[in-house]
Amino acid sequence: MKIIILLILISLIVALVFLWLFVWSVKSGQYEDTDSPAIRMLMDEKKKSGK
Amino acid sequence: MELLEEVKCYHCGEDCEDSQHISEEKSFCCLGCKTVYELLQENDLCEYYDFQSTPGNTLQNFYANKYNFLENEEIVSKLLDFESPEFHKITLDIPSIHCSSCIWLLENLQRFDSGIIQSRIQFSAKKLSLDYRPAETQLKSIVELLCQLGYEPEITLDTQQSKDKSWNRERIIKLGIAGFVFGNTMLFSFPEYLGISLESEFVEYFGYLNLILSLPVLFYCAQEFFISAYKGLRKKLLNIDFPIAIGILALFIRSSIEVLTQTGAGYFDSMSALVFLLLIGRWFQDKTYRELSFERNYKSYFPLAVYQIKNGVKKSTLVEELEAGDKIEIRNEEIVPCDAILNSPVASIDYSFVTGESKAVEVKEGEKVFAGGRVKGTAVTLNIIQAVSNSYLTQLWNNEVFSKPRIESQQQLINKVSTYFTPTILAIAIVAASVWFYIDADKAWNVFSSVLIIACPCALALASPFTLGALLNVLSSKKFYIKNTDILEKIWSTQHLVFDKTGTITQSKNHAVEYHGIALDEKEKLALASLCHQSTHPMSQAVYDHLNSGELVDIANFKELKGKGLTGTNASINIKLGSGKFVGKESEGKLNGSAVHLQINGSYKGHFLIRSGYRKGLDQAIGKLKKRFAFTLLSGDNDAERSRLLKIFPAETKMHFHQSPMDKLEEIRSIEANTPSIMIGDGLNDAGALKASSVGISISDNLSSFTPASDAILLGTKLSKLPEYFDIIFRSKTIIITAFIISFLYNAVGLAFAVMGWVTPVFAALLMPISSISVVLFVTLAVRWSARNLS
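Nothing here was measured: the structure is a model prediction, and the numbers come from that model.

Participant: I keep staring at helix α1 (residues 2–27) of chain A and nothing clicks. Help me out?
Facilitator: One full turn of an α-helix is made of 3.6 residues, so residues set three or four places apart face in the same direction. A rise of 1.5 Å per residue sets the reference length of α1 of chain A, with its 26 residues, at 38 Å; its end C-alpha atoms lie 38 Å apart and thus fit the reference within 8%. Inspection of α1 of chain A places Ile 8, Leu 12, Ala 15, Leu 19, Val 23, Ser 25 and Val 26 of chain A among the buried residues, and these make up the whole buried set.

Participant: What am I meant to see in helix α22 (residues 618–625) of chain B here?
Facilitator: Residue and element names in this part refer to chain B. Within α22, the full set of buried residues consists of Leu 618, Ala 621, Ile 622 and Leu 625. In a view along the axis of α22, the buried residues occupy a sector of 100°, so they form one face of it. Of the surrounding elements, those touching the buried residues of α22 are β17 (496–500), α19 (501–505), β23 (603–614), β24 (630–634), α23 (642–648) and α26 (722–756).

Participant: Would you explain the UniProt feature "transmembrane region" (unreviewed entry) in chain B in this entry?
Facilitator: Residues and elements named next belong to chain B. UniProt records the feature "transmembrane region" (unreviewed entry) for residues 172–190, 205–225, 237–253, 265–284, 420–439, 451–475, 735–756 and 762–783 in the present numbering. Each end of residues 205–225 is marked by a C-alpha atom, and these two atoms are 29 Å apart; helix forms 95% of the span and strand 0%. Annotated as residues 762–783, this span is 100% helix and 0% strand, and its ends, taken at the C-alpha atoms, are 32 Å apart.

Participant: Is there a simple way to think about the UniProt feature "domain: HMA" (unreviewed entry) in chain B in this case?
Facilitator: The sites that carry the UniProt feature "domain: HMA" (unreviewed entry) are, in the present numbering, residues 88–154 of chain B. Secondary structure over residues 88–154 of chain B splits into 25% helix and 28% strand, and the C-alpha atoms at its two ends are 18 Å apart.

Participant: What should I look at first to understand the pairing of strand β15 (residues 380–384) of chain B in this one?
Facilitator: Remark: a regular strand shows side chains that alternate across the two faces of the sheet. Residue and element names in this part refer to chain B. With four of its five residues buried, β15 lies for the most part within the structure. Relative to β15, strand β9 (residues 327–330) runs antiparallel, the two sharing four bridges. Bridge pairing links Lys 327 to Asn 383 in β15. Strand direction decides the pairing type here: strand β10 (residues 340–342) and β15, joined by three bridges, are antiparallel. Across the sheet, the residue bridging to Leu 342 is Leu 382, located in β15.

Participant: Would you mind showing me how to read the sheet that holds strand β3 (residues 80–83) of chain B here?
Facilitator: What links the strands of a sheet is backbone hydrogen bonding, and the strands pair in either a parallel or an antiparallel sense. All names here are of chain B. Pairing in this open sheet of four strands is antiparallel, and the strands run β3-β4-β6-β5 from one edge to the other. Strands at the two margins of the open sheet, each flanked by one partner only, are β3 and β5 (116–122). Here the average twist between neighbouring strands, direction ignored, is 15°. Direction of pairing for β5 relative to strand β6 (residues 127–132): antiparallel, over a ladder of six bridges. Bridging across to β6, Gln 122 finds its partner in Lys 127. Here helix α5 (residues 139–148) sits on the sheet and contacts β4 (88–93), β5 and β6; the angle it forms with β6, its principal contact strand, is near 140°.

Participant: Help me out: how do you make sense of the interface of chain A and chain B in this one?
Facilitator: As a measure of interface size, the accessible area lost when the parts come together is often cited. In this complex, chain A contributes 24 residues to the contact, which on the side of chain B involves 29 residues. Between chain A and chain B lies a buried interface of about 2600 Å² when both sides are counted; carbon and sulfur atoms form 68% of it. The interface formed by chain A and chain B contains zero salt bridges. Put simply, chain A and chain B have three residue pairs in polar contact (both at pLDDT 80 or more) between them. Elements supplying a minimum of two residues to the side of chain A that touches chain B: α1 and α2 (36–40) of chain A. Take the side of chain A that touches chain B: its biggest share by element is eleven residues, from α1 of chain A.

Participant: Honestly, the sheet that holds β24 of chain B in this entry has me stumped. Any pointers?
Facilitator: Residue and element names in this part refer to chain B. Strand order in the open sheet made by the seven strands is β16-β28-β27-β26-β17-β24-β25, with mixed pairing throughout. The open sheet has two free edges, formed respectively by β16 (480–482) and β25 (654–656), since each of these has just one partner strand. Neighbour-to-neighbour, the strand axes of the sheet open up by a mean angle of 15°, direction not taken into account. Across four bridges, the pairing between β17 and strand β26 (residues 677–681) is parallel. Pairing of Leu 497 across the sheet is with Ile 678, part of β26. Helix-sheet contacts for helix α18 (residues 485–492) involve β16, β26 and β27 (695–700), and the interaxial angle to β27 is about 110°.

Participant: Would you take a moment to explain the nonpolar core for this structure?
Facilitator: If you look at soluble globular proteins, the nonpolar side chains tend to sit buried side by side. Judged by nonpolar contacts, the single largest core of 121 residues is most densely connected at Leu 475, Phe 480, Phe 499, Phe 649, Phe 726 and Ile 729 of chain B. Ignoring sequence-local partners within four residues, the contact set of Phe 499 of chain B consists of Ile 505, Ile 622, Leu 625, Phe 631, Thr 632, Leu 633, Leu 634, Phe 649 and Ile 680 of chain B.

Participant: How do you make sense of the pattern of salt bridges when you look at a structure like this?
Facilitator: When the charged atoms of two side chains lie near each other, side chains of opposite charge can form a pair. Residues and elements named next belong to chain B. Scanning all chains against the criterion turns up 18 salt bridges over all chains. In this structure, Lys 89 engages Asp 131 in a salt bridge whose closest nitrogen and oxygen atoms are separated by 3.1 Å. Within this pair, whereas Lys 89 is found in strand β4, its partner Asp 131 is found in strand β6, the two being separated by 42 residues in sequence. Overall, Lys 89 belongs to the partly exposed group, its relative accessible area being 30%.

Participant: Quick question: what am I supposed to make of the packing of aromatic side chains here?
Facilitator: Aromatic ring pairs: the centre-centre distance and the angle between the two ring planes describe each pair. Residue and element names in this part refer to chain B. The full count for this structure, using the stated rule, is 20 aromatic pairs over all chains. Consider the rings of Phe 252 and Phe 268, whose centres lie 6.0 Å apart with planes at 65°: the pair is edge-to-face. Taken together, the residues Phe 252 in helix α10 (residues 241–260) and Phe 268 in helix α11 (residues 268–286) connect sequence positions 16 residues apart. Taken individually, Phe 252 and Phe 268 each receive the classification buried, so the pair is uniform in this respect. Relative to Phe 763, the ring of Phe 753 has its centre 4.4 Å away and its plane inclined at 15°; by these criteria the two rings are stacked. Taken as a pair, Phe 753 in helix α26 and Phe 763 in helix α27 (residues 761–786) lie far apart in primary sequence, ten residues in all. A relative accessible area of 19% means that Phe 763 is categorised as buried.

Participant: Looking at this model, I keep getting lost on unusual backbone geometry. Mind explaining?
Facilitator: Only a minority of non-glycine residues have a phi that is not negative, and only a minority of peptide bonds are not trans. Residue and element names in this part refer to chain B. Its identity as a non-glycine residue notwithstanding, Lys 479 has a phi of 70°, on the positive side. In this fold, Lys 479 is placed in the loop between α17 (458–477) and β16. For Lys 479, a relative accessible area of 33% gives the class partly exposed. Phi is positive for His 658, which is not a glycine, with a value near 55°. Residue placement: His 658 occurs in the loop between β25 and α24 (661–672). A relative accessible area of 55% places His 658 in the exposed class.

Each value, and the rule that gives it
- Residues numbered from 1 in each chain as written.
- Chains lettered and ligands numbered in written order.
- Predicted model: local features only at pLDDT ≥ 70, side-chain atom pairs only at ≥ 80, totals over all residues.
- Heavy atoms only, no water.
- Helix = DSSP H or I, 4+ residues; strand = E, 2+ residues; numbered from the N terminus.
- Expected span 1.5 Å × (residues − 1).
- Buried < 20%, exposed > 50% of the residue type's maximum accessible area, 1.4 Å probe, protein only.
- Arc of directions from axis to C-beta.
- Contact = heavy atoms within 4.5 Å.
- UniProt positions renumbered as here; feature names shortened; annotations may be inferred.
- Pairing = 2+ DSSP bridges.
- Axes fitted to C-alpha atoms, helices over the stretch in contact; angles between N-to-C directions.
- Buried area = accessible area lost by both parts, 1.4 Å probe.
- Salt bridge = Lys/Arg side-chain N within 4 Å of Asp/Glu carboxyl O.
- Polar contact = N/O pair within 3.5 Å; in protein donor to acceptor, adjacent residues only side chain to side chain.
- Core = buried A, V, L, I, M, F, W, Y, C linked by side-chain atoms within 4.5 Å.
- Phe/Tyr/Trp six-rings, centres within 6.5 Å; stacked < 30°, edge-to-face > 60°.

Below, the structure written as C-alpha cells:
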C-alpha cells in the first residue's frame, strides 16, 4: 500500500508542474491573442524576389 | 428583361454598380480599391487575395492632411512605446482588421517600406506593433501607407487599456487553479465515492491532501465572493454572494473538522467544484468586446494637433496647448478643435459631426465657428476665442452626466431573489438544527452545516450569467454589441424609446430625390449627371445618383462656387445648378426638404427636392415596437419632416425639433424621472443623452468608426431588426425565472435530505454539480432555441 502513496505523490507533483506551466503561460501573455499565431503558421514565407 | 450579373469589387466585395474601374479583367468599385490592388501587385503581394476572397476595406475618410500632426516630434514620442535614435517601436489600434488576409498583409509591411523592420498583429485585440528605423522612414508615411491600404489606425493620446489586461489574466489563473483543485480533490475522494472503508491506512492521507489543496481555492480563488458578500452586508444588502460565501465557508469548516477529527472525508471536492463553476459563470458574464470601445470622450474626436500661425510661421501645435487669441490654420476636411472667429473671407463648415445635419453651413469673416465643425474646401485661418476645454462641446462633456460614474443598479434579478432566499435558508438551518438538538443532540451540528452546504445557491447563481452571457454572444453575432450583461437587465425595465432623427433613423446615403419642373431630355440629363459627378458635395452626389445615367460626357468650364452651386458646359448645353438665388429663382414658399435649382441655357427648368431617406424597414420596426414602448423623437433639424415622420411613428409620439445637445440631455432627464428609457442616437450631439438614459444605444454605419459613449452599439443596417432583438432580450427574463424554479426544485430535494440528516459526501458531490450543470445546459439551449429565427 505504501507504493500507492508514492504514486499519488508523483501524480500530484506532475499535476502541479502542469498547473505551474499554465500559470506561467497565462502570465507571459500566451492567451492574449489566440487567433493570429494559428493563422500565421499557415502562411508561407515567400522568398524575396531579387531585392 | 435583361438580367445583369451582379459584379462585386475584387478587393472589398462591394457592389460595383456602374463603375468603370477595371484592371486585368478584375472589377473594382472605386478608384481606391483599384489603387490598392495595383499597389499590392506592384509589390508582388497579391497572395493577399488567396487567404480570403474580397478581403479589402473600402477607403473611408482619409484625406491628404489628416496626419500632418505626426510631423510633430513631441506627439510622435508620446505615441511610441520605445524610442532610440536608430529604432522606434509603436503599437497602433487598427479597428478594420477582420480576417486572415489582413494579418498576412500587415505583417508584410516591410515590403512596401524598407524602413520598417518588423510588424506583428494581435488579431483579437486588433493591434499592430511596428518596429521601424526613424532614419529611413517616418511615422507619418507609415500611417499614410496604412490608410491607403484601407487600414486606418485610430490614434489618440489616451492609453488606459493595459489595466484590464492584468485583471483578465488573474481571472484565468483563478479559474485554472480552481479547476486543478477540483479535478485532484475528486481523484482523492474516489475511495469515498466507491465506499472503500476508512480502515485502509492511506485514506486518511487523502483527507489531509484535500485539505491542503483546498486552501488556495478558499483564500485565493473564492476571494471575490467573500469581498462582494462583505460589501453587500455593509450596504445592508443580502446579495447572491452572501449565501454563496456562507456555503463555501460551511463546506470548508465542516470538511476540515471531519478530516482533522478523522470522522469523515469532507466535501472538499464539492467546494472546489462550486468555486470553479461559479468562476466560469462570472467570466462568462464579464466577457466584453475588446475591439469595440464603448467609452469615448471628446478627445477621441478632435485632432491631436493643428497648425498654429505665429509671426507668420506655421508650426504644428498640440491642441491642448492652444489658448484664446492664438491664430490657427484649418485645412480641407480638418476639424475645428475649439470655438473660434473666422479670419478668412468665407468658409463652408460641416457640422454633421456635431448635429447630424448633413448640409454645410456658410460662415463669413468675423463670424463664430464652433468646435467640432469640419472645414470643407480651401484652408481657412481662425482666431481662437476659447481654449479647447471651454468650448461648447467640451462643456457638454464636462456636464456631470459624464463625470459621475453611473450608480450600479442593485435591482439585478438575482439579488432580488437572494434577499428572500438567504433569510429563508438561515431560518431553515436554525429551525432544523434546534429540532434535531432535542431528538439527537450529536446530529444537530451536522444538520445545520448540511443545510447550509446543500442550500448553497450555485445553480441559482449560474442561471443568470449563462443566460445573459449566451444572449450577449448571440446578439453580437447579429451586430448588436452590448457592453455587459447588466445592460440587458436594465433593458427589461424600460418602456420608452427615444430616437434621434438625423443619422439614426435617416441614412445619409439613402436620399429621396424628386424632380419638379420641365422634363429634361436625355442629352440634358447626361450633361447634368456629368456635371454633378465632378462635385463631391452631398447634394450633387444625390442628384447624380438620382439621374443614374450611362457613359458620362466631358464638361467644360466646370466651376464650383462654395455655398452657391455648380456651373459647366457640354456641347451647347450650359448648366447652372444650385441655390435659388444662384440660378436667379427667388424662393417659392416653404419646401418640404432641401431644393437644388436647375437652369439650362439661361432658362429656369425646375428643382430637385432632396429629402433624407429613412432606413429600410423602419416603419415595420416601429409598428412592432409600439406594442412595448412609447416613443419620443428628438431632432436637431427643423420640423419640415414632421408629416412624414407622423406616417412612421404613432400619433402620440412626442416630437421635439431644433434640439441642441443640451436640450436633448434635459429631455432625457425629464423622461428618466418617470420611466427608464432607451436612447437611440448617433453623433457627438447625442452623447449626453446617450449617457443620461438608462440604456444608450449608438447607431453606427461602420463599426470601426467612432461612436459616442454608449452602452450598446448597433450596426445601422440592423436597426429594423431591433424589435426581434428586444423580443429575445425580454424573453430571456422568462428563461432565467424558469431556471430559478428548476434550481429551487433541486434545492428543495437537497434541503429535505439535509433536514433529515441524510446528507453524505457522495450525495453532495453528486447533487451539486448535477444541479448546476443541468441549469447551465437548460439556459444555454433555451437561448439558442429562442434565437433560432434571428437573422
